[in-house]
Amino acid sequence: MRAKGKDITELFGYQSDDLSDTAREYHRNAECPFVGGICSKSNSDQSIVYGVCSVSNGNQKTPGTEVVVCPKRLYAESFRTLRTVADEVWGALPFVIGGTTSELRAEALKHQEAVVAFGQGSGNEVGVPGEAKLSMDWVLQRYACQNGQLVPKDFVGIEVQSIDITNNYRECQLAYSEMRVREDPEHYIPNSGHGLNWANVHKRLIPQILRKGNIYQDVERCRGFFFIVPEAVFQKFESVLGNLPTSPQARKDVLSVHTYVLGRPVPSGQIRALEKCRTVHLPLSEVSDAFVSRQFEEVAEQFDQKLQGFL
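Let me sum up the structure you'll find in this document. (Residues numbered from 1 in each chain as written. Predicted model: local features only at pLDDT ≥ 70, side-chain atom pairs only at ≥ 80, totals over all residues. Heavy atoms only, no water.)

1. Here's the deal with the side chain of Arg180
One can find Arg180 in helix α4 (residues 170–182). No salt bridge is formed by the buried Arg180, whose closest oppositely charged neighbour, Asp18, lies at an N-O distance of 5.5 Å. Sequence-distant contacts of Arg180, that is, excluding residues within four places in its chain, are made with Leu11, Phe12, Tyr14, Gln15, Ser16, Asp18, Leu19, Ala23, Arg24 and His27. (Helix = DSSP H or I, 4+ residues; strand = E, 2+ residues; numbered from the N terminus. Buried < 20%, exposed > 50% of the residue type's maximum accessible area, 1.4 Å probe, protein only. Lys, Arg positive; Asp, Glu negative; His and termini not counted. Salt bridge = Lys/Arg side-chain N within 4 Å of Asp/Glu carboxyl O. Contact = heavy atoms within 4.5 Å.)

2. Considering the sheet that holds strand β10 (residues 149–160)
Backbone hydrogen bonds hold the strands of a sheet together, and the pairing may be parallel or antiparallel. The mixed open sheet is built from seven strands, whose spatial order is β5-β6-β9-β10-β13-β14-β15. Each end of this open sheet is capped by a strand with a single partner; those strands are β5 (95–96) and β15 (274–283). As paired elements, strand β9 (residues 138–146) and β10 share eight bridges and run antiparallel to each other. Residue pairing in the sheet places Leu140 in a bridge with Val156 of β10. Of the strands in this sheet, β9, β10, β13 (222–230) and β14 (254–262) touch helix α5 (residues 199–216), which is tilted by about 165° from β13. (Pairing = 2+ DSSP bridges. Axes fitted to C-alpha atoms, helices over the stretch in contact; angles between N-to-C directions.)

3. Side note on the pattern of salt bridges
Tallied over the full model, the rule gives 17 salt bridges. Between Arg2 and Asp7 there is a salt bridge, with the nearest N and O atoms lying 2.9 Å from each other. Across the pair Lys252 and Glu220 runs a salt bridge whose closest N-O atoms are separated by 3.5 Å. With Lys252 in the loop between α6 (231–241) and β14 and Glu220 in the loop between α5 and β13, this residue pair connects regions lying 32 residues apart in the sequence. Under the relative-accessibility criterion, Glu220 is labelled exposed at 67%.

Given below as C-alpha cells:
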C-alpha cells in the first residue's frame, strides 16, 4: 500500500513499499546503497535515520513528478554521473575515485593517463580559504604519468545538488518503516507532509553556483564547470532566470548542466535507474546578468505594490 497523496518514493535506495529481503536489510542497517555507510539524513540527535532518497512532487507518482531530495542519490552506479562528465570532457580515460590520497595516487600511477576525482570520500575535498570560504563538491583532474610521477594537466569542477524539503515526512516515513518490519503490504500509509524548498533556488543555489563559477573561470587549466541536478530542480532554475542563450560545449566560462530523473519503477529488490535527461551549456555571464536583473525587477515590483498600499 502507498500513500494516496504526497508520498516518499524511495527509502534507503529502494521503493518505499519494497518488502524484499534486500530492501529490509538496508533499512535495518540504516545504510546508504549509493555511497555506503550510515545514511546521513537523520533527526537532530541522530536517534532516527530517515533514509529518504526521493519524494513525489504532489499527488502524482509518475516518472518526472518524483524528485531526488538527497544528493547522494545522484551518485548511483558507482558515481556514474561523475564518470559521464569525465567522458564528455576527456573521452574514455581511466577514472579513479574513492579512498585516501595515497590510494588515489597508487591507482592513477597504473595508467599512462587518468582522471582522478577529489571530493567527499575520495582524497581531499578542495576548498577555497579566506573570505570566500567555499568548498567545491568535486574536482576531476587529469594526470599524465611521466617517469613515475603524476603530472596534473587540466581539470573540471562539479557541483551536485538536489532540493531540500520544508515541513516533514516523519509520519509517512515511520509508517513505511513499520511496514518493512512487520512485512505487512496492507499497512496504512498516511500522506507525507513535506514540501519542496523552491525558495532556496533563489536564496542559495544560484548565488552559490555563480560564486564557484567565478573562481573556476579565472583558472587557466579549468576545462569546465558542471552542474548535476534533478530535472525538476533545473526547471525551477530556468523559471527564475528565463530563456538564456546557450553555448555549444563545456568551457571554463560556461555552466554545463546535466539533469537527471528517476527511471521507471522496478520489481522489489531492485533500485530504479537514474536516467540522464538533458545537457545544457549556459554562459556564466548570461546566468549572472539574468539573475541580477530579474532579482531587482522582482524586488522593485514588490516595493511599488507595497508603497501603493500606504494610507
